[in-house]
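Residue strings, one per chain:
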Amino acid sequence: MTAGDQKKYVGARVSRVDGPAKVRGEATFAAEHDLPGVLHAVLISAACAHGRVSRLDTAAARQVPGVLDVFSHQSDGWNMGKVGGYPRGPAGTSLLPFQGPEISYRGEPVALVVAQTLEAARHAALLVEIEYDRRPHHATLQAALDGPLLARKPLPPLGHSRGKPGRILKHAPHVIERTYDTPVQHHNPMEMHAVIADWDGDERVTIYEPTQWMQSAQGTLAAALGLEPEDVHVVSPFVGGGFGSKATSWPHLLVTALAARVLRRPVKLVLTRAQMFAAVGYRAATRSEYRAALDGPQISALELHAHTQTGPADLFPEQVGMIPKMLYATEHMEFKQTLVQTHAGPNIMMRAPGEASGSFGLEVLMDELAAEAGLDPLEFRRRHHADTDPESGKPFSSKHLLECYDRAAGAFGWERRTPEPGSMKDGDTLIGWGMATAAYPVYASAATARARLHADGRVDVEAGSHDIGTGTYSILAQIAADALGTDLERVTVKLGDSRLPKNGYSGGSRTAGSVGSAVLAAAQGLRQELTDLAVNDPLSPLHGLAPIDIEVRGGALHAGTLRDPLTDILTRAGRDQHETYREIIPSGGGQKELDALKQGQDGMIEAVTDTHARYSFGAVFVEVRVDPDFMTPRVSRIVGAFDIGQVLNAKTAESQLIGGLIWGVSAALHEQGETDPATGLVLNANLADYHIPVNADIGEVRAIALNGHPDFHTSALGARGAGELGIVGTAAAIANAIHHATGKRIRSTPITVDKLLG
Amino acid sequence: MSHSATLPDPDLALTLSVNGKQEEVHVPVQATLLDVLRERLHLTGTKKGCDHGQCGACTVHVDGQTHLSCLTLALSCEGRAVTTIEGLAPEGGLHPMQAAFIEHDAFQCGYCTPGQIMSAVACVEQAQAGNADAIREFMSGNLCRCAAYPQIVAAIQDVAGTSGQGAGAGQ
Ligand code: FES
Ligand code: FES
């Protein structure tokens, strides 16, 4: 890079490059790939949480005209090889479908109907007769805590202890004990999970599915069906939201692929919305039990014992301790987490897994402690600001939390808050103002990318990564356009194809920093190679110059008044294109992570490295208005300020942060999976009964992304992710605002009217 | 619950007018407009988000009125003019609402977007876009899990020329 290089796009408010395709309905989502002769499948999910299928009769279903087959555990030749469930393997769960009559979790796939038309398959699915021998089940965290059926597993690696919290808590005069609960939540991206499987012989298959991690389908199908991973071609150019549920493949992938292989025709399966509440993961319920010792205005010791739900296998932990361990300067702290197994099925990561649920308890507790200490909640947090990472003792890579507090509080008008609950009103309406701190670890991945310049000036960028609505297409185009000094319109980004250069899963807010840095490296490499061609070419105006003196902008290399268009360099070299491929390993990682990536594993680089603790930070301020008679709360105003390093695209970054803040509203007031105690099944498995915010639920939302603080300890771009940070702390800020409005302290989400009237 | 195993004649011939084009289809009587658009006519701009009338992703215009195509039998559309997202603007162009959605970043994943835009166009045409609160109310049948709600309101206000009216009142 030299001083006069183009800096037109990175950081600017650039409209999404895939916008026109999306607003015209031309973006092709998984179920929309048009394959000749495609058959339609309908999945039948277990209406039982634990037991076995005692009778499964497909005779009537097979009579429906157009039905080709009905598959289940009774089908021959459906034995599968073992697959690891995340985090120990590539699949969402190690529990394989159709391997026997046993039902180990609710919604487990039990049969698949395949027909010529969707209407026939749907009709036939209603005719499959299934009976169950039901066994006792524990489908909720509470039921499992109360009962002795399933195992509880302490998770030593997640535990943490520093100082002498036990001793201090034992002798402290002022100890506050509080318990906070968060419920099961279901991801419910608007696009339902779908698969089209299209075989070429018995050993090679193309899979169209919406995914945040193409290697998951490859690894899962390879292990279960004995294929080579590279013989599984995954195509996923557009993903209609994922939020974690599309990070891994799920059992319906396997049954669709096998059905297509048996029938020798492409088969398409789209899950129903009800099935989006079954075997595609969920956010586990959590219970956080805190004890805090207060010494005047200071927390002298903090203890968190957490119980979190998980499924009958896999044991993915909802990491509620992530943020409480590191957010505040508490010298003495202990954290323990126990996993509680249930028949609710495999849980999985959901937008800020653990950080969102865990920050609810921590940030409401901070509000309660501030009140005990007689301090303003913001002032109380400032006094506990951690200058270095309390968990690892390492310096933060870049931390501007105090600036977030200042910016957000200023924009919100926090100084006008009166501390007494119920003291702020607008007519009869109760007004409450609350706040919370946000933090999210900066994960990274080894990453690879290719950049190609064509003789006509077009640029291709290729990365086997994903755009799940996060703006990946746009930021990668911006990065390449600036690095090659060209116009955004000339750059085409290709994502969502497993044959493109390999990248890790798009989760943990790491795609922008990691894949973005690989694209930067590839585009800079391309520019450098073109520069070398030019300075070594006697016909170039730049012949003989030092590359360090050469700048790139306007589609050409420049040195003073001399200019050589990139396309001329190619033409003179007799080439119609030139490409470069680059691999990068972000700091904190090594060859091991790159090798893992190339083998299709995740290879994530953790937030805390040998030298730094890497986190993004933020502050969220919320106004609620509560009807005094009906106690209905409404969030009328949110202001958040966020420290996300270098902002790559101000427009899409703000949208992600705003989306996160609204997810916080959803967690605070709306979302909860309800379980029928009798059957263990989800009672509200549809979008009318499972509440998420609609437009009228949302007031004014403002996200401020701090600028001018690139974090080069996290990526070459200095960028940190923005997808998850916005949800962290927000539900607590709303709970705190509701307390300020009403004097009612609600310690479980969602905060519904029954709790406020109770 | 018992279900009859006999299907009605699957070969019901139907002529639909979609985006000004006459389309001949042969569909079972229970086929929804949504499934006919997506699976038989390959007009996949109209999205399925629930199939139960709960999300708005499948919103189309039938004779100029918004309809949830997942709750509409294809059969009932014979002789009526169906407009989908693909027919909103002339080939290669953008309807002002589509342009405003891009400008205001009124979507992320884009899956709810065609339905949002079909509703948004109706919101302005039916003069329901006078202020932010009216828009929020009108648009509340269209869920967006990416939560682009504030940007959707801004895009509609821009097209309706009501920017600044009731934005941020939050009530
Ligand atoms: S698909 Fe029609 S309303 Fe959801
Ligand atoms: S843009 Fe993703 S659901 Fe609305």
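On a predicted model such as this, the values are computed, not experimentally measured, just so you know.

Caption draft 1: Fine view of the overall build of chain A. Check the secondary structure of chain A and you find 18 helices and 30 strands. For chain A, the C-alpha radius of gyration of 27 Å lies close to 27 Å, the compact-globule estimate for 758 residues. With respect to the three principal axes, the spread of C-alpha positions in chain A is 85 × 70 × 50 Å. In chain A, which comprises 758 residues, the proportion classed as buried is 66%. Pairs at least 24 residues apart make up 80% of the contacts formed inside chain A by residues separated by at least 6 positions. With the model as given, the accessible surface of chain A reaches about 24,900 Å², and the carbon-plus-sulfur share is 50%. Taken as two groups, the 71 positive and 86 negative side-chain charges of chain A have centres that lie 2 Å from each other.

Caption draft 2: Focus on the packing of aromatic side chains. Per the counting criterion, the structure on display carries 21 aromatic pairs over all chains. Judged by centre distance (5.0 Å) and plane angle (90 degrees), the rings of Phe29(A) and Tyr111(B) are edge-to-face. Note that Phe29(A) is positioned in the loop between helix 1 (19-23) and strand 1 (39-45) and Tyr111(B) in the loop between helix 2 (96-103) and helix 3 (113-125), a pairing that runs across two chains. Assigned by exposure class, Phe29(A) and Tyr111(B) land together as buried. Ring geometry for Phe238(A) versus Tyr473(A): centroids 5.6 Å apart, planes at 35 degrees, classification tilted. Within this pair, whereas Phe238(A) is found in the loop between strand 12 (232-235) and helix 7 (251-263), its partner Tyr473(A) is found in helix 12 (residues 472-483), the two being separated by 235 residues in sequence.

Caption draft 3: Geometry of the sheet that holds strand 18 (residues 429-441) of chain A. Residue and element names in this part refer to chain A. Read from one edge of the open sheet, five strands run 17-18-28-29-30, paired in mixed fashion. With partners counted over all chains shown, the strands left at the sheet margins are strand 17 (424-426) and strand 30 (700-705), one partner each. Mean inter-strand twist for the sheet, computed between neighbouring axes without regard to direction, equals 25 degrees. Strand contacts of helix 16 (residues 650-670): strand 28 (615-626), strand 29 (633-643) and strand 30, with the helix running at about 130 degrees to strand 30, the strand carrying the most contacts. Packed on one face of the sheet, helix 17 (residues 730-742) meets strand 17, strand 18, strand 28 and strand 29 and runs near 155 degrees to strand 18.

Caption draft 4: Region of the structure containing the packing of helix 2 of chain B against helix 5 (residues 149-160) of chain B. Residues and elements named next belong to chain B. The N-to-C vectors of helix 2 and helix 5 enclose an angle of 135 degrees; their axes lie 9 Å apart at closest approach. Taken together, the axis directions place helix 2 and helix 5 in an arrangement best described as oblique. Considering how the two elements wind past one another, helix 2 and helix 5 form a crossing that is right-handed. Every residue of helix 5 that contacts helix 2 at Pro96, Met97, Ala100 and Phe101 is listed here: Ile152, Ala155, Ile156 and Val159.

Caption draft 5: Geometry of the domain arrangement of chain A. All names here are of chain A. Taken domain by domain, chain A comprises domain 1 (30-136 + 190-241 + 246-279), domain 2 (351-442 + 609-757) and domain 3 (444-604). On the domain 3 side, the residues contacting the 18 residues of domain 2 number 17 residues. Across the domain 2/domain 3 interface, buried area totals approximately 1,300 Å², and carbon plus sulfur atoms make up 55% of it. Contact with domain 3 buries area across many residues of domain 2, yet Leu648, Gln656 and Leu717 alone supply 34% of it, more than any other trio.

Caption draft 6: Representation of unusual backbone geometry in the model. Residue and element names in this part refer to chain A. With omega at 10 degrees, the peptide bond leading from Tyr86 into Pro87 counts as cis. Summarising the element assignment, Pro87 is placed in the loop between strand 3 (67-72) and strand 4 (102-103). Of note, the bond from Thr749 into Pro750 is cis; its omega dihedral lies within 30 degrees of zero at -5 degrees. As for its position among the elements, Pro750 is in the loop between helix 17 and helix 18 (753-757). Residues other than glycine seldom take positive phi values, yet Phe243 does so here, at roughly 60 degrees. As for its position among the elements, Phe243 is in the loop between strand 12 and helix 7. Under the relative-accessibility criterion, Phe243 is labelled buried at 13%. At Ala352, a position not held by glycine, the phi torsion is positive, near 60 degrees. Its location among the elements puts Ala352 in the loop between strand 16 (333-341) and helix 9 (355-373).

Caption draft 7: Spatial organisation of the domain arrangement of chain B. Residues and elements named next belong to chain B. Here the domain parsing of chain B yields domain 1 (11-86) and domain 2 (96-160). One C-alpha centre belongs to domain 1, the other to domain 2; they are set 22 Å apart. Opposite the 16 residues of domain 1 that make contact, domain 2 presents 13 residues. The contact between domain 1 and domain 2 buries some 1,200 Å² in all, and 59% of this surface belongs to carbon and sulfur atoms.

Caption draft 8: View of the pattern of salt bridges. Residue and element names in this part refer to chain A. Summed over the entire model, instances satisfying the criterion amount to 58 salt bridges over all chains. Across the pair Glu363 and Arg381 runs a salt bridge whose closest N-O atoms are separated by 2.7 Å. One end of the pair, Glu363, is in helix 9; the other, Arg381, is in helix 10 (residues 377-383), with 18 residues separating them in the sequence. Note on Arg381: relative accessible area 0%, which makes it buried. Between Glu529 and Arg582 there is a salt bridge, and its shortest N-O distance comes to 3.5 Å. In this pair, Glu529 is assigned in helix 13 (residues 511-535) and Arg582 in strand 26 (residues 577-584), connecting sequence segments 53 residues apart. Judged by relative accessible area, Glu529 falls into the partly exposed class, the value being 27%. With a relative accessible area of 27%, Arg582 lands in the partly exposed category. Several salt bridges share partner residues, and in doing so they unite Arg450, Arg452, Asp460, Glu462, Lys494 and Glu579 into one network.

Analysis parameters
Residue positions within a chain follow its written sequence, with the count starting from 1. Note on labels: chains are lettered from A, ligands numbered from 1, in written order. Local features in a predicted model are, by the rule used here, given only for residues with pLDDT of at least 70; side-chain atom pairs are given and counted only at 80 or more, and totals for whole chains, interfaces and linings are based on all residues. Just so you know, side-chain values use all the structure's heavy atoms and leave hydrogens and water out. Helix and strand assignments follow DSSP, with helices taken as H or I runs no shorter than four residues and strands as E runs no shorter than two, numbered in order from the N terminus. We compute the radius of gyration from the C-alpha atoms alone; for a globule the expected value is 2.2 Å times N to the 0.38, where N is the number of residues. Summary of the burial criterion: residues with accessible area below 20% of their type's maximum are buried, those above 50% are exposed, and those between are partly exposed, where the area comes from a 1.4 Å probe applied to protein chains only. The criterion used for residue contact is that any of the two residues' heavy atoms lie within 4.5 Å. All accessible areas in this document rest on Shrake-Rupley with a 1.4 Å probe, and a residue is counted as covered only by the protein chains that are shown. When charges are tallied, Lys and Arg are placed among the positive residues and Asp and Glu among the negative ones, while His and the ends of the chain are skipped. Here the site of a charge means NZ on Lys, CZ on Arg, CG on Asp, or CD on Glu. Think of it this way: a Phe, Tyr or Trp ring, Trp meaning its six-membered ring, pairs with another when their centres are within 6.5 Å, and the plane angle makes it stacked under 30 degrees, edge-to-face over 60, tilted otherwise. Note on pairing: two strands pair once DSSP finds at least 2 bridges between them. In this description, a line fitted to the C-alpha atoms serves as the axis of each element, helices being fitted only across the stretch in contact, and the angle between N-to-C directions of two axes falls anywhere from 0 to 180 degrees. Reported orientations rely on four angle classes, namely roughly parallel under 35 degrees, roughly antiparallel over 145, roughly perpendicular from 65 to 115, and oblique for the rest. Here is the rule for handedness: rotate from the far helix to the near one, and if that takes an anticlockwise turn smaller than a right angle the crossing is left-handed, while a clockwise turn gives right-handed. Where a domain begins and ends is set by an automatic assignment or by a domain database. For any pair of parts, buried area is found by adding up, for both, the accessible area (1.4 Å probe) each one loses once the two are put together. In the sections that follow, a salt bridge refers to a side-chain nitrogen of Lys or Arg positioned within 4 Å of a carboxyl oxygen of Asp or Glu.

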